[in-house]
Amino acid sequence: MNIYHQRAEGITYLSKQMLNYRDRTHLLQANLYRRAKQASGSKFYILYDKVFLPYILRYAWEEVRTNGGSAGVDGVTIETLSQTDMEVYLRNLSEDLRKRTYRAQAVRRVWIPKGNGDKRPLGIPTVRDRIVQAACKLILEPIFEADFEESSYGFRPNRGAGDAILAIKKHLSNGEYAVYDADLSKYFDTIPHDKLLTVLKQRISDPRILWLIKQWLKAPVSESDGQFTGGKKNVAGTPQGGVISPLLANIYMNLIDKAVNRTGGVFQRTGLSIIRYADDFILIGKTINAEAETYLKTLLSRMGLTLNETKTRKVTARETPFNFLGFTIRYDKDLNGGSHKYLNIHPSKKSEQKLRDKVKDYLHRHGHLKARQIAGDLNLILQGWLNYYTVPKVSYTKHSRRRLRHYLTNRLYRYYNRKSQRRSSLYGQQAYDLLVQKYGMIDVLKYGL
């Protein structure tokens, strides 16, 4: 049973007046999914009126509020908006959408440092625009979920990186060691608007929905220097940071999934499968032949996308490790000296360093907080990382956890051994152990096991 029908189970017998906004949204999504699944080639002509339904906007607001994030170009934060009368605010927003007086505002550009010294652009819409994008996503997602392939795992309900890694393990256990590790150049920034809209129109024939999406694709970008770029002349890209962007990215990349999984196609004839998480994907099989590689490049070229040749590579998994979604996947020799090799999937060194950098940065910025708050804040950082990399019966995190514990022990000892911390009860103590024992900090060796 799909996620939409699971959510709708047990609530269909209630009258609409008795349903809360979540139940009504789930029922609507289940109906949309059912219609899309029953007729794979059918189009949806009337959807826009659902975007400004009060319960849809309420659900969208709760999603945006829960996800958090910074203010857009208008400076309005989620915290500020939360203090207003949201019922009135959403009613006015609904009227703007109904009358089609809604206009998307510019996207605020920020730059996120990458591990290699480069920076990744992030476009932050206003909270208001994020609410409307979330409402649109609630309507469109179940329709396109009916079309998505099982080989896609990123930004989809009830799917995640752990499922993708599990799929890789299954292929490897079948003797499929040939891996084509693809890297797309600036995917989110290069999606051609005209081709994306063509794909959308295969399902969506409501011009008002397309009008909304065009606004977000064409929204000007407010740069850090105060200048504006993009706008109506922009012909490619969807801002990373927009609520609707991951869905649009998946809709476009679904073309690749379908090409690889097509019965009798080039990839199936050569025994290749795809495992994709957003714009990160690998082809895996017993061999990667030139025909499949050439066809992939041709297909990407037709889509207006390009491979980063310096990062894309072919490996034989039993001989050469490869990284995917922050995991290192490799075969290690038997420690007992035998010829047998065993599969080892663990957090990559880069992911471990990113976590250490987050801890270091937090402690550097917070020098005078109570021990319980330090423990709680660090738990949020550690918990997310541990949850992501702990994939039962798949990933092996023992050594990573030991290295993490060693780092936390040393870093927290130095943190509390500074002169400014002499009044703290943890000064000169084994701070990490005490934070675990007395203040509820995560024991990284035991968490989730």
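Below you will find a few notes about this structure. (Residues numbered from 1 in each chain as written. Predicted model: local features only at pLDDT ≥ 70, side-chain atom pairs only at ≥ 80, totals over all residues. Heavy atoms only, no water.)

### Some remarks on the overall build of the chain
Across its full length, the chain holds 18 helices and 11 strands. At 24 Å, the chain has a C-alpha radius of gyration in line with the 22 Å of a compact globule built from 449 residues. Dimensions along the principal axes, computed over C-alpha positions, put the chain at roughly 65 × 60 × 55 Å. Counting across all 449 residues of the chain, residues that qualify as buried make up 49%. For the chain, contacts bridging at least 24 residues in sequence account for 68% of all contacts bridging at least 6. The average position of the 74 basic charges and that of the 42 acidic charges among the side chains of the chain differ by 3 Å. (Helix = DSSP H or I, 4+ residues; strand = E, 2+ residues; numbered from the N terminus. Rg over C-alpha atoms; globule rule 2.2 N^0.38 Å. Buried < 20%, exposed > 50% of the residue type's maximum accessible area, 1.4 Å probe, protein only. Contact = heavy atoms within 4.5 Å. Lys, Arg positive; Asp, Glu negative; His and termini not counted. Charge placed at Lys NZ, Arg CZ, Asp CG, Glu CD.)

### Some words on the packing of aromatic side chains
Applying the stated criterion to the full structure yields 12 aromatic pairs. Between the aromatic rings of Phe155 and Tyr277, the centroid separation amounts to 5.9 Å while the plane-to-plane angle is 50°, which identifies the pairing as tilted. With Phe155 in the loop between helix 7 (127-145) and helix 8 (161-173) and Tyr277 in strand 6 (residues 273-277), this residue pair connects regions lying 122 residues apart in the sequence. According to the relative accessible area criterion, Phe155 is partly exposed, its value standing at 42%. By relative accessible area, Tyr277 is classed as buried at 19%. By way of ring pairs, the aromatic residues Phe327, Trp385, Tyr388 and Tyr389 are connected into one cluster. The lysine or arginine in question, Arg22, covers the ring of Tyr59, its NZ or CZ lying 4.8 Å from the ring centre. We note Arg100 situated over the ring of Trp211; from NZ or CZ to the ring centre the distance is 4.5 Å. (Phe/Tyr/Trp six-rings, centres within 6.5 Å; stacked < 30°, edge-to-face > 60°. Lys NZ or Arg CZ within 6 Å of the ring centre and 35° of its normal.)

### What to know about the environment of Met86
One can find Met86 in helix 6 (residues 86-98). We classify Met86 as buried; its relative accessible area is 13%. It is 54 Å that separates the C-alpha atoms of Met86 and Glu176, two residues lying 90 residues apart in sequence. Once residues lying within four places of it in the same chain are set aside, the contact partners of Met86 are Trp61 and Leu81.

### A look at the side chain of His346
Looking at the element boundaries, His346 is found in strand 11 (residues 341-347). With sequence-adjacent residues up to four places away left out, His346 is seen in contact with Gly326, Phe327, Thr328, Arg330 and Tyr396.

### Here's the deal with the sheet that holds strand 8 (residues 313-316)
Here four strands make up an open sheet; going across it, the order is 6-7-3-8 and the pairing antiparallel. The outermost strands of the open sheet, each flanked by one partner alone, are strand 6 and strand 8. Strand after strand, the sheet turns through a mean of 20° between neighbouring axes, direction not considered. Bridge analysis of strand 3 (residues 178-183) against strand 8 gives four bridges, and the strand direction is antiparallel. Paired with Asp181 across the strands is Arg313, a residue of strand 8. Across the face of the sheet, helix 8 comes into contact with strand 6 and strand 7 (280-285) while running at roughly 160° to strand 6. (Pairing = 2+ DSSP bridges. Axes fitted to C-alpha atoms, helices over the stretch in contact; angles between N-to-C directions.)

### A closer look at the side chain of Gln29
Among the structural elements, Gln29 can be located in helix 2 (residues 21-38). Accessibility expressed as a relative area gives 2% for Gln29, which makes it buried. Discounting residues that sit within four places of it in the chain, Gln29 has contacts with Tyr4, Arg7, Leu138 and Pro142.

### Describing the sheet that holds strand 9 (residues 322-324)
Here three strands make up an open sheet; going across it, the order is 9-10-11 and the pairing antiparallel. Each edge of the open sheet carries a strand with a single partner, namely strand 9 and strand 11. When strand polarity is set aside, the average angle formed by the axes of neighbouring strands in this sheet is 30°. Taken together, the three bridges between strand 9 and strand 10 (residues 327-333) define a ladder with antiparallel strand orientation. Pairing of Asn323 across the sheet is with Thr328, part of strand 10.

### Considering helix 4 (residues 54-67)
Taking 1.5 Å per residue as the helical rise, helix 4 with its 14 residues ought to reach 20 Å, and the 20 Å between its terminal C-alpha atoms agrees with that figure. Residues of helix 4 that are buried in the fold lie against helix 2, helix 3 (48-51), helix 5 (78-82), helix 6 and helix 7. (Expected span 1.5 Å × (residues − 1).)

### Comments concerning the pattern of salt bridges
Inspection of every chain in the model, using the stated rule, returns 25 salt bridges. Taking the shortest distance from any N to any O, the salt bridge between Glu149 and Lys258 comes out at 3.2 Å. Within this pair, whereas Glu149 is found in the loop between helix 7 and helix 8, its partner Lys258 is found in helix 12 (residues 245-261), the two being separated by 109 residues in sequence. Note that Glu293 and Lys314 form a salt bridge whose closest N and O atoms lie 3.1 Å from each other. Residue Glu293 is found in helix 14 (residues 290-302), and its partner Lys314 is found in strand 8; the two are separated by 21 residues along the sequence. Three or more residues joined by partner-sharing salt bridges are found here, namely Glu293, Lys297, Glu309 and Lys314. (Salt bridge = Lys/Arg side-chain N within 4 Å of Asp/Glu carboxyl O.)

### Section: the nonpolar core
One finds Leu97 and Ile131 to be the most contacted residues of the largest nonpolar core, which totals 87 residues. At 11 residues, helix 7 tops the list of elements feeding residues into this core. Aside from chain neighbours lying at most four places away, what touches Ile131 is Leu57, Ala60, Trp61, Val64, Leu81, Tyr89, Leu90 and Leu93. By size, the runner-up hydrophobic cluster in this structure holds 50 residues, among which are Ala167, Ala371, Tyr389 and Leu408. (Core = buried A, V, L, I, M, F, W, Y, C linked by side-chain atoms within 4.5 Å.)

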